[in-house]
Amino acid sequence: MTISLRGLTKVFPGGVRALDSLDLEIGEGEFFALLGPSGCGKTTLLRSIAGLETPTSGAVAIGGADVTALPPGRRDVAMVFQDYALFPHMDVTANIAYPLRIKKVPRARREAAAAEVAGRLSLAELLGRRPGQLSGGQQQRVALARAIACRPKVFLFDEPLSNLDARLRLEARTFLKRLQDELGVTTVFVTHDQGEALALAHRIAVMDAGRITQVGAPSEIFHRPATPFVASFIGSTPMNLLPGRVVVGASGPALHVAGAVLPAPPGLPDGEEVVYGIRPEYTDLSAAPREDAFPGTVAVLENLGTSTLVTLESAREGGDGLVQVVVPEGQEPPVGGAAWAVPRPERALVYRGDRLVGPRGGPA
Amino acid sequence: MTGPAAGTDAAGLGRARAVGFVLPALVLIGVFLVFPALWTIYLGITDYRLTGLAAADPRVVGAENYTTALGDDRFRTSLWLSVQYVLGSAVIGQAGLGFAIAWMLRGRRGPVRRLVEGLVLLSWILPSSVVAFLWIALLDRDGGTLNALLGTPGAAWLLDHPMLSIIVFNTWRGTAFSMMLYAAALESVPPSHLETARLAGASTLQQLRDVVLPRIKGHILTNMLLISLWTFNDFTPFLITAGGPEGRSEILPFYVYTTALRGGQLGFGAAVSFLILLINLVFALAYLRLLRNRNRDHDHDHDRDRDRDHEDAALPGPGPAAVPGPAAVPGPPPAPGSGRAPASREAAG
């Protein structure tokens, strides 16, 4: 089922504008992530789709039908909450079968349905247990099973992985992606973890202050973040965002950024202030001075396992802040020594104001 | 409030000093609680009277007072009226209304909530004598506020419906406690559980049955225990109906008061008091047993199958909501001679 949001606005009593006339289309069978920092309105958006929040204005349509005025129970959506919301006094079977019980499905049939779904999620051995006797991963699967058992049109997941520990989270992530793939049910999930969004979703909406800043496929969001905000939010190591200035010289326009002279995208006037973004992964380290590199002193080395994150402190006067570079293992520079961070020009992003201006037609 | 720490000596006082700390409290309890209670039991088997020969030289009459009481129609009527009073004003009235108000105010903030809470609390904190006077003024046959409001001049509420009057009175008076207790209990119900039920299409009643009540069962039992004991021992409505007319609102505490002090049969009154104490004890034990069963269920859940992952500390288990201990059980029933019900409500308010 498709989900379509039109001009959705939610103002809470007290004047907090959680959603600001937001438009969004989510396609049939899509695994869609709402990503953003806390307080950006992503959970309010999810709850508005569920019907748990009544929008101040705007409309929600599921499968083409306007459901804005329908109560949550009649929207045919299932939600998995961050805390799983399993009923502690019911065993696993009763928990999974609960929505069917409310829909007055006869006991034998709903228990058969619960057992079937539980079998698919490897919960068959646990049907008689109470939630208190289950591990976190098992509880999560029971919550998923409860959502699946009533065959809804749409799944809504609120931070589905955040209550699991790091190792289990990776397993659950793979499991979740495969499950959604098999079921083919339109799924919207909320996360503040960019890695989770990139790994799971077909498409991601990055949200900030009640608005959607960018919608796109994970690779698009990762490689061409539309604003410096998205750029800083996406990526396991934060992107280097450095202030720079356009200087039009004899050999054409160039960017002067933190001591480096770099190629400028066309069409920028002389003296224009820009923000130059380059991921640490797309920056190389040079031991010899270069003109197209940021000079600095090696301040910190952070071992990432197969690579090392190097933080350079800008040596140049007037240059502010730090530049980070990821180097392969075995190539770490000595701490305290001078080094030059060389951005790969085809990976560089140039922002003017809040908009991406270059490179045009770069890697998607 | 008393008693040395069981088992280990956490404070490091040593036995002698620990006893020293506790002793004053134990002495006070002994003098003012245990001794009168034992004295009441003793009086109950005598023919002790307020005046006359038996006042100077009471005789031990054995179980005669008890057989008389149990065979007395007036006692049995009193007991039945007390049961009505407890069921009507505590279980249905206070607990029911208190829960309804708490449920409606749940999640609400702002002036409406503060106003309702304020009004309900006001009836709880006003002194009994003041409240009784207000209710007499409200229900009065001539010039009563209620008759003026309803346009029923001359309706004698206190004469025609004495039990209903004191049941409504006590409901009004005591709802605040249940409301506050249930409001706190409802806070412990995770919103996500209610929302899961809503998303499944559960009606309000189904949400109450499947999500709320199982979660706050312990609070309900504790509340029922406290308010039924308080109500069973409540003496305040005596100030409104004095048990009348013709004993039609004579609940047990009034019966004790009238027989022991007005009728002067102190021994007999003591015997009835002891019966009230036994009834209270049965109440309390029944509730405590229910509570314990419930807790045992929970422990059972926790102990079995401990093959959980280590992240479980952060997960929502069926953590038994903190239930106020039964330590707040009110004091003994009215002893003859005290002339009034235990002041547990006043003390709590």
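Residues numbered from 1 in each chain as written. Chains lettered and ligands numbered in written order. Predicted model: local features only at pLDDT ≥ 70, side-chain atom pairs only at ≥ 80, totals over all residues. Heavy atoms only, no water.

Below, the discussion takes up the overall build of chain A. Looking only at helices and strands, chain A features 8 helices and 21 strands. Principal axes of the C-alpha set define a box for chain A whose edges measure 80 × 45 × 35 Å. A burial count over chain A gives 52% of its 364 residues as buried. Considering only intrachain contacts with a sequence separation of at least 6, the fraction spanning at least 24 residues in chain A is 65%. When the accessible surface of chain A is summed, it comes to about 15300 Å², and 51% of that surface belongs to carbon and sulfur atoms. (Helix = DSSP H or I, 4+ residues; strand = E, 2+ residues; numbered from the N terminus. Buried < 20%, exposed > 50% of the residue type's maximum accessible area, 1.4 Å probe, protein only. Contact = heavy atoms within 4.5 Å. Areas by Shrake-Rupley, 256 points an atom, 1.4 Å probe, with all protein chains shown as cover.)

The positions UniProt marks with the feature "domain: ABC transmembrane type-1" (unreviewed entry) are residues 75-287 of chain B. The straight-line gap between the two end C-alpha atoms of residues 75-287 of chain B is 25 Å; of that span, 80% is helix and 0% is strand. (UniProt positions renumbered as here; feature names shortened; annotations may be inferred.)

Where nonpolar side chains cluster on the molecular surface, the patch consists of B:Val19, B:Leu23, B:Leu26, B:Val27, B:Leu28, B:Val31 and B:Phe32 and spans about 650 Å² of accessible area. A relative accessible area of 44% places B:Leu26 in the partly exposed class. (Patch = residues over 30% accessible without salt bridge, like charges linked within 9 Å, V, L, I, M, F, W, Y side chains within 5 Å. Salt bridge = Lys/Arg side-chain N within 4 Å of Asp/Glu carboxyl O.)

What follows deals with the domain arrangement of chain A. Residue and element names in this part refer to chain A. Considered domain by domain, chain A is made up of domain 1 (3-232) and domain 2 (236-357). Distance between the C-alpha centres of domain 1 and domain 2: 39 Å. The partner domain 2 presents 12 residues to the 10 residues of domain 1 that form the contact. Between domain 1 and domain 2 the total buried area reaches about 990 Å² when both faces are included, carbon and sulfur atoms providing 56% of it. In this assembly, domain 1 and domain 2 are joined by 0 salt bridges. Counting across the interface, domain 1 meets domain 2 through 4 residue pairs in polar contact (both at pLDDT 80 or more). Counting residues per element, the ones that place at least two in the side of domain 1 that touches domain 2 are helix H7 (218-223) and helix H8 (228-233). Tallying contributions element by element places H8 first for the side of domain 1 that touches domain 2, with 3 residues. In terms of residue class, the side of domain 1 that touches domain 2 is made up of 5 nonpolar, 4 polar and 1 charged. (Domains from an automatic or database assignment. Buried area = accessible area lost by both parts, 1.4 Å probe. Polar contact = N/O pair within 3.5 Å; in protein donor to acceptor, adjacent residues only side chain to side chain. Nonpolar A, V, L, I, M, F, W, Y, C, P; charged D, E, K, R; others polar.)

Right, let's talk about the nonpolar core for a bit. Judged by nonpolar contacts, the single largest core of 73 residues is most densely connected at A:Ile96, A:Ile204, A:Leu255, A:Val257, A:Tyr276 and A:Phe294. Built from parts of two domains, this core gets at least three residues from each of domain 1 (3-232) and domain 2 (236-357) of chain A. With 53 residues, the next largest nonpolar core counts B:Phe99, B:Leu194, B:Ile216 and B:Phe268 among its residues. (Core = buried A, V, L, I, M, F, W, Y, C linked by side-chain atoms within 4.5 Å.)

The next point concerns the UniProt feature "domain: ABC transporter" (unreviewed entry) in chain A. Under the feature "domain: ABC transporter" (unreviewed entry), the UniProt entry names residues 3-234 of chain A. Each end of residues 3-234 of chain A is marked by a C-alpha atom, and these two atoms are 25 Å apart; helix forms 37% of the span and strand 25%.

At the junction of the two partners, chain B supplies 29 residues and chain A supplies 37 residues. A buried area of about 2800 Å², summed over both sides, lies between chain B and chain A, and 52% of it is on carbon and sulfur atoms. For the pair chain B and chain A, the interface holds 2 salt bridges. The partner of B:Glu195 in a salt bridge is A:Arg47, and the shortest N-O contact between them spans 2.7 Å. Those elements that place two or more of their residues in the side of chain B that touches chain A are helix H10 (191-200) and helix H11 (204-232) of chain B. It is H10(B) that provides the largest number of residues to the side of chain B that touches chain A, a total of 8 residues. Taken together, the residues that form the side of chain B that touches chain A break down as 10 nonpolar, 6 polar and 13 charged.

With that out of the way, let us pick up the pairing of strand E7 (residues 154-158) of chain A. Residues and elements named next belong to chain A. In terms of burial, E7 is largely enclosed, as 5 of its 5 residues are buried. The two faces of E7 match: Val-154, Leu-156 and Asp-158 on one face and Phe-155 and Phe-157 on the other face are all buried. Bridge analysis of strand E6 (residues 77-80) against E7 gives 4 bridges, and the strand direction is parallel. In the strand pairing of E7, Val-77 is matched with Val-154. With 5 bridges connecting them, E7 and strand E8 (residues 186-191) associate as parallel partners. Residue pairing for E8: Phe-157 is matched across the bridge by Phe-189. Handedness of the crossover is the feature at issue here: the chain leaves E7, passes through helix H5 (residues 166-183), returns alongside E8, and the resulting connection is right-handed. (Pairing = 2+ DSSP bridges. Right-handed = clockwise from strand over helix to strand, strands pointing away.)

Moving on: the sheet that holds E8(A). Residue and element names in this part refer to chain A. Pairing within the open sheet is mixed, and its 6 strands lie in the order E6-E7-E8-E3-E9-E10. Looking at strand neighbours, the two that pair on one side only are E6 and strand E10 (211-216), the edges of this open sheet. Going from strand to strand, the sheet's axes swing by 20° on average, the running direction of each strand aside. Bridge count for strand E3 (residues 31-35) against E8 is 5 bridges, and the pairing is parallel. Bridging from a neighbouring strand, Leu-35 pairs with Thr-191 of E8. Packing against the sheet, helix H4 (residues 136-149) makes contact with E6 and E7, and its axis sits at approximately 175° to E6. (Axes fitted to C-alpha atoms, helices over the stretch in contact; angles between N-to-C directions.)

We now examine the packing of aromatic side chains. Between two aromatic rings, the relevant description is the distance of the centres plus the angle of the planes. One pass over the full model with this rule turns up 23 aromatic pairs over all chains. Taking the centre distance of 4.9 Å and the plane angle of 75° together, the rings of B:Phe238 and B:Tyr257 count as edge-to-face. Pair noted here: B:Phe238 is in helix H12 (residues 238-241) and B:Tyr257 is in helix H13 (residues 252-262), with a separation of 19 residues, a long-range link. Taking the relative accessible area as the measure of exposure, B:Phe238 reaches 9% and is therefore buried. By the ring-pair criterion, three or more aromatic residues cluster together here, those being B:Phe235, B:Phe238, B:Phe254 and B:Tyr257. Positioned above the aromatic ring of A:Phe222, the side-chain terminus of A:Arg279 is 4.0 Å from the ring centre. In this structure, A:Arg347 is placed above the aromatic ring of A:Tyr282, and the distance from its NZ or CZ to the ring centre is 4.3 Å. (Phe/Tyr/Trp six-rings, centres within 6.5 Å; stacked < 30°, edge-to-face > 60°. Lys NZ or Arg CZ within 6 Å of the ring centre and 35° of its normal.)

Turning to helix H5 (residues 111-125) of chain B, a few remarks are in order. Residues and elements named next belong to chain B. Between its first and last C-alpha, H5 extends 20 Å over 15 residues, near the 21 Å set by a 1.5 Å rise per residue. What H5 keeps buried is the set Arg-113, Val-120, Ser-123 and Trp-124. When H5 is viewed along its axis, its buried side chains cluster within an angular range of 110° and face the same direction. Along H5, the residues that are exposed and aim more than 90 degrees away from the buried face are Pro-111, Arg-114, Leu-115, Leu-119 and Ile-125. (Expected span 1.5 Å × (residues − 1). Arc of directions from axis to C-beta.)

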